[in-house]
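Here is how the chains run, residue by residue.
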Amino acid sequence: RKFYCIESMTTHETQFSVLASLFTDLPDVFVHVLRYLSTSERRCFAAVCCAARTLCNGMEKRIRLPSWSFVSEPLMPNRFPALAHLTWVEGTCSQQPPLDDERLLSHLANDKGLKGLQGLQSLNIAQCSHLSACAVTALLAMASKLEHLALGRWACTASILGFPLSLCVSLRSLDFGDDQVDVESIDDTALQVLSGLCTSLRKLSLSRCVTITDVGLGSLSTMRSLRELSISGCKGISQLPSLPALQVLDASHCCSLGDNALEGLAQGGTPFLKCLMLERCAITNAGLGVCGQMPHLERLDLGPSFEVTSAGLASLGRCRALQSLCFGNMVIQQEVQGMGPGTSSNGSSNSSSTTTS
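Remember, predicted model here, so these are calculated numbers, not experimental data.

**Q** Explain the pattern of salt bridges to me, using residue names and the numbers behind them.
**A** Scanning all chains against the criterion turns up three salt bridges. Where Lys 203 meets Glu 228, a salt bridge forms, and the shortest distance between an N and an O atom there is 4.0 Å. Of this pair, Lys 203 sits in strand β6 (residues 203–205) while Glu 228 is found in strand β7 (residues 228–230), placing the two residues 25 residues apart along the sequence. Of the residues examined, Glu 228 reaches a relative accessible area of 33% and is grouped as partly exposed. Residues Arg 299 and Asp 301 are paired through a salt bridge, measuring 3.9 Å at the closest nitrogen-oxygen approach.

**Q** Kindly report on the pairing of strand β2 (residues 85–89), identifying the contributing residues and their values.
**A** Across the five residues of β2, five count as buried, placing the element largely inside the fold. Judged by which residues are buried, β2 turns out to be covered on both faces: His 85, Thr 87 and Val 89 on one side and Leu 86 and Trp 88 on the other are all buried. Here strand β1 (residues 62–66) runs beside β2; their pairing, made up of five bridges, is parallel. Across the sheet, residue Arg 62 finds its bridge partner in β2, namely His 85. With three bridges joining them, β2 and strand β3 (residues 122–124) adopt parallel strand pairing. Directly across from Thr 87, in β3, lies its bridge partner Asn 124.

**Q** I'd like to hear about the nonpolar core, residue by residue, with values.
**A** In this structure, Phe 163, Phe 176, Ile 186, Leu 194, Leu 206 and Ile 231 are the most contacted members of the largest nonpolar core, which totals 82 residues. Elements represented by at least two residues in this core include exactly β1, β2, α7 (101–108), α8 (133–142), α10 (165–170), α11 (188–197), α13 (259–267) and β11 (324–327). Ignoring sequence-local partners within four residues, the contact set of Phe 163 consists of Leu 140, Leu 149, Leu 151, Cys 168, Leu 171, Leu 174, Leu 194 and Cys 198. In terms of nonpolar packing, the next biggest core, distinct from the first, is built from 10 residues, Phe 30, Cys 49, Ala 52 and Cys 56 among them.

**Q** I'd like to hear about empty space enclosed by the protein, residue by residue, with values.
**A** Applying the stated criterion to the full structure yields one cavity of 30 Å³ or more. Broken down by class, the residue content of the lining of the largest cavity amounts to seven nonpolar, one polar and no charged.

**Q** Account for the sheet that holds β3, with residues named and values stated.
**A** Strand order across the open sheet formed by 12 strands is β1-β2-β3-β4-β5-β6-β7-β8-β9-β10-β11-β12, with mixed pairing between neighbours. Either end of the sheet is taken by a strand with one partner, and the two such strands are β1 and β12 (330–333). Sheet twist, expressed as the mean angle between neighbouring strand axes with direction ignored, is 5°. Pairing analysis gives four bridges linking β11 to β12, with the strands arranged antiparallel. In the sheet register, Cys 326 faces β12, and the bridge partner there is Val 331.

**Q** I'd like a rundown of the environment of Ala 84, residues and numbers included.
**A** Within the element layout of this structure, Ala 84 appears in the loop between α6 (76–79) and β2. Residue classification places Ala 84 among the buried positions, given a relative accessible area of 8%. Beyond its immediate stretch of four places on either side in the chain, Ala 84 contacts Lys 61, Leu 120, Gln 121 and Ser 122.

**Q** Explain α11 to me, and be specific about the residues and the numbers.
**A** Inspection of α11 places Asp 188, Ala 190, Leu 191, Val 193, Leu 194 and Ser 195 among the buried residues, and these make up the whole buried set. Packing partners of the buried residues in α11 comprise α9 (157–161), β5 (173–175), β6 and α12 (214–218).

**Q** Got a sec to walk through unusual backbone geometry? Specific residues and values, please.
**A** The backbone of Arg 208 shows a phi angle near 60°, a positive value even though the residue is not glycine. Among the secondary structure elements, Arg 208 is positioned in the loop between β6 and α12. A positive phi angle, close to 55°, is found at Arg 280, a residue other than glycine. With respect to the helices and strands, the residue Arg 280 is situated in the loop between β9 (275–277) and β10 (299–301).

**Q** Before we move on, can you summarise the packing of helix α3 (residues 39–46) against helix α4 (residues 50–59) with the specific residues and values?
**A** Put simply, α3 and α4 touch, their axes get as near as 8 Å, and they point 145° apart. Side by side, α3 and α4 meet where Arg 42, Phe 45 and Ala 46 of the first sit next to Ala 52, Arg 53, Cys 56 and Met 59 of the second. Residues belonging to the contact of α3 with α4 are distributed by class as follows: five nonpolar, no polar and two charged.

**Q** If you had to explain the environment of Pro 98 to someone new, which residues and values would you point to?
**A** With respect to the secondary-structure elements, Pro 98 resides in the loop between β2 and α7. Each C-alpha atom of the pair Pro 98 and Ser 129 lies 8.7 Å from the other, and the pair is 31 residues apart in sequence. Beyond its immediate stretch of four places on either side in the chain, Pro 98 contacts Glu 90, Arg 103 and His 130.

Rules and cut-offs
Residues numbered from 1 in each chain as written. Predicted model: local features only at pLDDT ≥ 70, side-chain atom pairs only at ≥ 80, totals over all residues. Heavy atoms only, no water. Salt bridge = Lys/Arg side-chain N within 4 Å of Asp/Glu carboxyl O. Helix = DSSP H or I, 4+ residues; strand = E, 2+ residues; numbered from the N terminus. Buried < 20%, exposed > 50% of the residue type's maximum accessible area, 1.4 Å probe, protein only. Pairing = 2+ DSSP bridges. Core = buried A, V, L, I, M, F, W, Y, C linked by side-chain atoms within 4.5 Å. Contact = heavy atoms within 4.5 Å. 1 Å grid on protein atoms, 1.4 Å probe; cavity = no way out; pocket = protein on both sides within 12 Å on 5 of 7 lines; lining within 4 Å. Points joined across faces, edges and corners; volume = space filled by probe spheres on them. Nonpolar A, V, L, I, M, F, W, Y, C, P; charged D, E, K, R; others polar. Axes fitted to C-alpha atoms, helices over the stretch in contact; angles between N-to-C directions.

Written as structure tokens, this is what we have:
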């Protein structure tokens, strides 16, 4: 065994050389210790020397980087051998141009350039606004084993057609939505193509995809494994598809969605629905009666502007599995053991809380 007396060293250069040798000789010990440190503590440890930073980088599974930095440094994938979740953002550095087709395609031509993408499980390029369908297709060919993919509003029918076969099989979560602006590139044709390729999807986000209509959404009925669907802000949707495995549905701000759609949801083959969000929809108290036909419904969010009548509450009383009900300025939920009345489950007292009957 080697004995290191760092305090007796006279110069910082000698101390750092000994530290680097220590990290190299005992990597397994330090990796074990690093697992018990918080993110901020790991950052402090990584600032000690290059060897310490190498150890920390080797444990990182989830990173968020400016898009230009990943292609400007050829050895970037080698610095994160355990990388599984990657998010690219548009950097604010004025000295570095944004990632575009030319830079990405030239980097993909290098066999060693992005070999770290082959082991990725999750990729988020929603903020890469300068990539076309051609560049996205080439990128996905390198990361063909993804389970979670976020393309954002830059996706289109051409980029979906470019999905490699292996990606269509492995993909479990897909995000086309955007919380800030309307998405016009995803239309009915894109959904029809998607429903024929990615039949094993479990989660799909179409938030603010304003060009989607009932025809395109109806094509999703072939996705028999879909469990979570977000169509928030899709103003052209008035009917909901039959999805037998669906558990979570976010239809907030779908102003054309009314009582008929809710009735079709209850009777159209979604027996396992647990969470339903209907903020600012065209749902009325008369339409709440069909919620009693959803035996597994646990959470219902009607939004702050919805006014529930006595008849509406009586209808919701038939939802035996209901644990959380949000409407107006109230949140009615099951009382958590150890928490008094008037306190929500997150510890705040801003909303009203009581025990459901």
